[in-house]
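Analysis of the macromolecular model
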Amino acid sequence: SASVSIMAVLLRHCGTKLRGGLKTMHLCGFSTPHLHLRAFASAKETTGIVGLKPEADWRAKLTAVYEKTLAEASMLPDSAAYKKLLVALTNERLAAVGKAEDYSALEDAVACGQVEQLLQQAEDELGVLELMKREKPWEVPTGHAVPVLQFKPGSEHNPNFDRWSKFDWPGPGKP
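First, a word on scope: everything that follows refers to the structure included in this document.

The rules behind these values
- Residues numbered from 1 in each chain as written.
- Predicted model: local features only at pLDDT ≥ 70, side-chain atom pairs only at ≥ 80, totals over all residues.
- Heavy atoms only, no water.
- Salt bridge = Lys/Arg side-chain N within 4 Å of Asp/Glu carboxyl O.
- Buried < 20%, exposed > 50% of the residue type's maximum accessible area, 1.4 Å probe, protein only.
- Axes fitted to C-alpha atoms, helices over the stretch in contact; angles between N-to-C directions.
- Helix = DSSP H or I, 4+ residues; strand = E, 2+ residues; numbered from the N terminus.
- Parallel < 35°, antiparallel > 145°, perpendicular 65-115°, else oblique.
- Left-handed = near helix turned anticlockwise from the far one by under 90°.
- Contact = heavy atoms within 4.5 Å.
- Nonpolar A, V, L, I, M, F, W, Y, C, P; charged D, E, K, R; others polar.
- Expected span 1.5 Å × (residues − 1).
- Core = buried A, V, L, I, M, F, W, Y, C linked by side-chain atoms within 4.5 Å.

Details of the pattern of salt bridges
- Considering all chains together, one arrives at seven salt bridges under this definition.
- The residue Lys 61 makes a salt bridge to Glu 55 at a minimum N-O spacing of 3.1 Å.
- A residue is classified by how much of its surface remains accessible, and Glu 55, at 21% relative accessible area, is partly exposed.
- Between Asp 78 and Lys 83 there is a salt bridge, and its shortest N-O distance comes to 2.6 Å.
- On the basis of relative accessibility, which here comes to 60%, the residue Asp 78 falls in the exposed class.

Structure follows, in structure tokens:
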């Protein structure tokens, strides 16, 4: 991982080997075992994803986006299922950001990608939130009827399948 490579570089340039293979760092005149150098290991060199650069200030940025999401979500009606799910997820991730010692701990706790991807997801969700506020899908016009598609459980045949299977889907070699 990136933190291991940073530790290796620091140990190679600043460390001395002790009995049993443990190395000690000599920083600012103090001798410090390498296990206590998490501050130096908290920066990534790369995400390993083309076009996605490491985010050095991930905690502040994620916190700001999550807090903005909660503020914007407060404008949605309490009865909207989207609001309930969004607020629960955002509060869960915001708490994880606060508890995480470093980016690796957050990535493990959330288990939905790297911190840079979490930031992208949070920013994308703000876009979805704006769409939801504009379109108001929880407001169904009076008299609006939604067609119900019937499917008989245990049946091999879905009466709606024939209608969709005959549709000429565009694809390679089709105009």
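Here we look at the packing of helix α2 (residues 58-73) against helix α3 (residues 81-99)
- Look at α2 against α3: their axes get within 10 Å of each other, and the N-to-C directions meet at 155°. Judged by the inter-axis angle, α2 sits roughly antiparallel to α3. For the element pair α2 and α3, the recorded crossing hand is left-handed. Each of Trp 58, Arg 59, Leu 62, Thr 63, Tyr 66, Glu 67, Thr 69, Leu 70 and Ala 73 in α2 lies in contact with α3, whose residues at this interface are Lys 83, Leu 86, Val 87, Thr 90, Asn 91, Arg 93, Leu 94, Val 97 and Gly 98.
- Tallied by class, the residues present in the contact of α2 with α3 amount to nine nonpolar, five polar and four charged.

Points about helix α5 (residues 115-135)
- Taking 1.5 Å of rise per residue, the 21 residues of α5 would be expected to cover 30 Å, and the 30 Å separating its terminal C-alpha atoms lies within 8% of that figure.
- Where α5 is buried, its residues contact α2, α3 and α4 (103-110).
- One or two residues past the end of α5 sits Lys 136, with phi positive at roughly 50°.

Things to note about the packing of α3 against α5
- Orientation of α3 relative to α5, taken along the N-to-C sense of each, is 155°, at an axis distance of 12 Å. As summarised for this structure, α3 and α5 are arranged roughly antiparallel, according to the angle between their axes. Of the two elements, α3 crosses α5, and the hand of that crossing is left-handed. Contacts from Tyr 82, Leu 86 and Arg 93 in α3 reach Leu 118, Gln 121, Glu 125, Val 128, Leu 129 and Met 132 in α5.
- Grouping the constituent residues of the contact of α3 with α5 by class yields six nonpolar, one polar and two charged.

Examining the nonpolar core
- With 22 residues, the main nonpolar core has Trp 58, Leu 62, Tyr 66 and Leu 106 as its most contacted residues.
- Those elements that place two or more of their residues in this core are α2, α3, α4 and α5.
- Tallying contributions element by element places α5 first for this core, with seven residues.
- Dropping the residues within four chain positions of it, Leu 106 is found in contact with Trp 58, Leu 62, Ala 96, Val 97, Ala 100, Ala 111, Val 115 and Leu 118.

Some remarks on the environment of Leu 89
- Along the chain, the position of Leu 89 falls in helix α3.
- A C-alpha to C-alpha distance of 9.7 Å links Leu 89 and Tyr 66, two positions 23 residues apart in sequence.

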